[in-house]
Amino acid sequence: MTLVVALKAADGVALVSDGQATSDDSIGRTRTASDKLFDLHGKIAFGCSGDVGLEQRVVHALKQTVSEEDCSLSIEELRPRLLSAVNAVQKQAVEEHVDLGEGVLPAHVAVLFAGFSGGEPWVYEIGITGKDELHPSGEAIGHARHFPHYLMVSTLHYRLQDRGVELVKVLAYRAVMDAIKADATALGFPIHAYIVTEQGAERLQDDRQKAIADALNGWKQQEHDIFRDLLGEAAGGWRRARGRRRRASAGRSALGPAARTEVKADGRPEQRGLGRQQRLQKFGRVLATCVAAQGDHEGHG
C-alpha cells in the first residue's frame, strides 16, 4: 500500500512518498522496500499507487510516449499526452482481467505528477478510473491519502503557494512521516522525495533528507514552546483579571457607602459625608489594601 504527496510552492513542487510495498494473499501479508517515485527525463517527477506490475508498465509507457521536449510544454498541452499514456495501461488491465467469480477487481494504478513548465509549477493527478485533475495547491494518492489532507487543511494559513519549495518540502515530508507513524502496518520507511523547479526534477539523497528531518525536529520543538507559552499567557491573563476584580472590590468596600460622589453646580465631582482629613485616611487604607492584594497576587502568580 502507498502514500504519495505533492505540495505546490511558489517556485516548485515537493513530491514525497513512503517506501514500503505491501501485498496480501491467502497466506498472509508481506512487506518489502519499494521506491515509488520516478522522473521523466529529469524534468517531471511522478509517483504511482496501485499494482506494482502496472506501475512498471506505466513508467515504461511514459518514457516511451513523452519526450524530453514534451516536458517543457505547458501543462495544458502536456496533459492529454500524460493521460493517453497512463490510460492505455489502465484499459489494458481491465481487458486482461480474469474474472474468478470471487469479486476480485482488476488491477489498478493511479499516478500523481509534479512539474514546472509554462512558467509555473503544477500538480496533476490521474486516478484509478482514468479521471484526471489539476490541483491548485497539492494532492495525495494511495490508500492513506486522507492523512496528509488533515495536515494540508490545518496549514492553509501558511499560504504555501507563497513560500519557497525548500520550506514546503519539510511539510510534505512531515505529512508522510506522520502517516507512517499512524498506519505503520501498511506504510513504511524509507521516505523518498523529489523537488521539482524550473531547473528540473531533483531526487533528494540521504544527506538532504537528514537535513529535512533535523529541520522538522526543530519545527516541532518550536511548536511545543509556542503552545506552552500560549497556555501560560492565557492562564496569567486570567489571574491578572481576577486580581484586578479583587482590588476593585476591596476599594469599593473600604470606601463604604459614606463616600458618595455628587456633582456640584459647576459640574465638578464632590464627596459628601467625609471631611478632608477623613478622606485622606480612608484613601490611605484603600491604598494599603490594594498594595496588599497586589503582593498576594504576585506571590501566587
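Note that residues are indexed from 1 along each chain, following the sequence as it is written. For this predicted model, a pLDDT threshold of at least 70 governs which residues receive local features, and a threshold of 80 or more governs which side-chain atom pairs are given and counted, while totals over whole chains, interfaces and linings are taken from all residues. In computing side-chain values, all of the structure's heavy atoms are included and hydrogens and water are not.

Asks: Requested: an account of the pairing of strand 9 (residues 132–135), with residues and values cited.
Replies: In the sheet, strand 8 (residues 120–126) pairs with strand 9 via 4 bridges, with the strands oriented antiparallel. Bridging from a neighbouring strand, glutamate 125 pairs with glutamate 133 of strand 9. Counted between consecutive antiparallel strands, the loop separating strand 8 from strand 9 contains 5 residues, among which glycine 130 sits at a positive phi close to 95°. In this description, strands pair whenever DSSP reports at least two bridges between them. Numbering of helices and strands runs from the N terminus; a helix is a DSSP stretch of H or I covering at least four residues, while a strand is a stretch of E covering at least two.

Asks: Talk me through helix 1 (residues 52–65); I want residue IDs and the actual numbers.
Replies: When the terminal C-alpha atoms of helix 1 are compared, their 20 Å separation across 14 residues agrees well with the 20 Å that a helix rising 1.5 Å per residue should span. In what follows, residue pairs with any heavy atoms lying within 4.5 Å of each other are defined as contacts. In this structure, the buried residues of helix 1 make contact with strand 5 (37–40), strand 6 (44–50), helix 2 (75–96) and strand 7 (109–117). Between a side-chain oxygen at the N-terminus of helix 1 and the backbone nitrogen of glycine 53 the separation is 3.0 Å; the capping residue is aspartate 51. Given a helix with a known number of residues, its expected span is that number minus one, times 1.5 Å. What qualifies as a polar contact is a pair of N or O atoms within 3.5 Å, subject to a donor-acceptor requirement within protein and to the restriction that residues adjacent in sequence count only when both atoms come from side chains.

Asks: Break down the sheet that holds strand 5 for me, with residues and values.
Replies: An order of 5-6-7-8-9 is seen for the 5 strands of this open sheet, with the pairing classed as antiparallel. Each edge of the open sheet carries a strand with a single partner, namely strand 5 and strand 9. The mean inter-strand angle of the sheet, taken between neighbouring strand axes irrespective of direction, is 25°. Bridging between strand 5 and strand 6 involves 4 bridges; their strand directions are antiparallel. Following the sheet pairing, leucine 40 is matched in strand 6 by isoleucine 44. All axes are obtained by fitting lines to C-alpha atoms, using only the stretch in contact for helices, and the reported angles, taken between N-to-C directions, cover 0 to 180 degrees. This element, helix 2, spans strand 5, strand 6, strand 7, strand 8 and strand 9 of the sheet and lies at about 25° to strand 8.

Asks: For the packing of helix 1 against helix 2, give the residues involved together with the corresponding values.
Replies: In contact at an axis separation of 9 Å, helix 1 and helix 2 are set at 145° when each is read in the N-to-C sense. For the pair helix 1 and helix 2, the crossing hand works out as right-handed. When helix 1 is examined against helix 2, the residues Leu54, Arg57, Val58, Ala61, Leu62 and Thr65 are found in contact with a partner set consisting of Arg81, Leu82, Ala85, Val86, Val89, Gln92, Ala93 and Glu96. Residue polarity follows a fixed list, in which Ala, Val, Leu, Ile, Met, Phe, Trp, Tyr, Cys and Pro are nonpolar, Asp, Glu, Lys and Arg are charged, and the others, Gly among them, are polar. Class assignment of the residues belonging to the contact of helix 1 with helix 2 gives a composition of 9 nonpolar, 2 polar and 3 charged. It is the rotation of the near helix from the far one that decides the hand of a crossing: anticlockwise by less than a right angle makes it left-handed, clockwise makes it right-handed.

Asks: Describe the side chain of lysine 36, listing the residues and the values that go with them.
Replies: In this structure, lysine 36 sits in the loop between strand 4 (29–33) and strand 5. Within the structure, the side chain of lysine 36 is placed 2.8 Å from the side chain of aspartate 18, a separation counted as a polar contact. Within the local environment of lysine 36, its side chain forms a polar contact with the backbone oxygen of glutamine 20, the two atoms lying 2.5 Å apart. Discounting chain neighbours no more than four positions away, the residues touching lysine 36 are Met1, Thr2, Ser17, Asp18, Gly19, Gln20, Ala21, Phe46, Gly47 and Cys48.

Asks: Would you mind going over the packing of aromatic side chains in detail, with residue names and values included?
Replies: Only Phe, Tyr and Trp rings take part, Trp by its six-membered ring, and two of them pair if their centres are within 6.5 Å. Stacked means planes under 30 degrees apart, edge-to-face means over 60, and tilted covers everything else. Using the criterion set out here, one finds 4 aromatic pairs in the structure. Between phenylalanine 46 and phenylalanine 113, the aromatic rings sit 5.6 Å apart at their centres with planes inclined by 35°, giving tilted as the arrangement. Separated by 67 residues along the polypeptide, phenylalanine 46 in strand 6 and phenylalanine 113 in strand 7 bring together distant segments of the chain. Of the two residues, phenylalanine 46 and phenylalanine 113, both sit in the buried class. Through a chain of ring-to-ring contacts, the aromatic side chains of Phe38, Phe46, Phe113 and Tyr124 assemble into a single cluster. Directly above the aromatic system of tryptophan 219 lies the positively charged group of arginine 174, at a separation of 4.5 Å from the ring centroid. The buried label applies to any residue whose accessible area, calculated with a 1.4 Å probe on protein chains only, is under 20% of its type's maximum; exposed applies above 50%, and partly exposed to all values in between. When the NZ atom of lysine or the CZ atom of arginine is within 6 Å of a ring's centre and also within 35 degrees of its normal, the charge is said to sit over that ring.

Asks: Run through the environment of arginine 31, naming residues and quoting values.
Replies: Its location among the elements puts arginine 31 in strand 4. Under the relative-accessibility criterion, arginine 31 is labelled exposed at 52%. Distance in space between the C-alpha atoms of arginine 31 and leucine 187 is 9.2 Å, their sequence separation being 156 residues.

Asks: Please give an account of the layout of surface pockets that cites residues and values.
Replies: Buried and open spaces are told apart on a 1 Å grid over the protein atoms alone, a cavity being a set of points where a 1.4 Å probe fits but cannot get out and a pocket being an open set with protein on both sides within 12 Å along at least five of seven lines. Residues with an atom within 4 Å of a point are the lining residues. Grid points are joined across faces, edges and corners, and a volume is the space filled by probe spheres set on the points. Computed from the structure, the largest pocket encloses a volume of approximately 720 Å³. Along the walls of the largest pocket sit 29 residues, with Met1, Thr22, Gly50, Asp51 and His108 positioned nearest its centre. Going through the elements one at a time, strand 3 (20–24), strand 4, strand 6 and helix 1 are the ones with two or more residues in the lining of the largest pocket. Counting residues per element, the lining of the largest pocket draws most heavily on strand 3, which supplies 4 residues.

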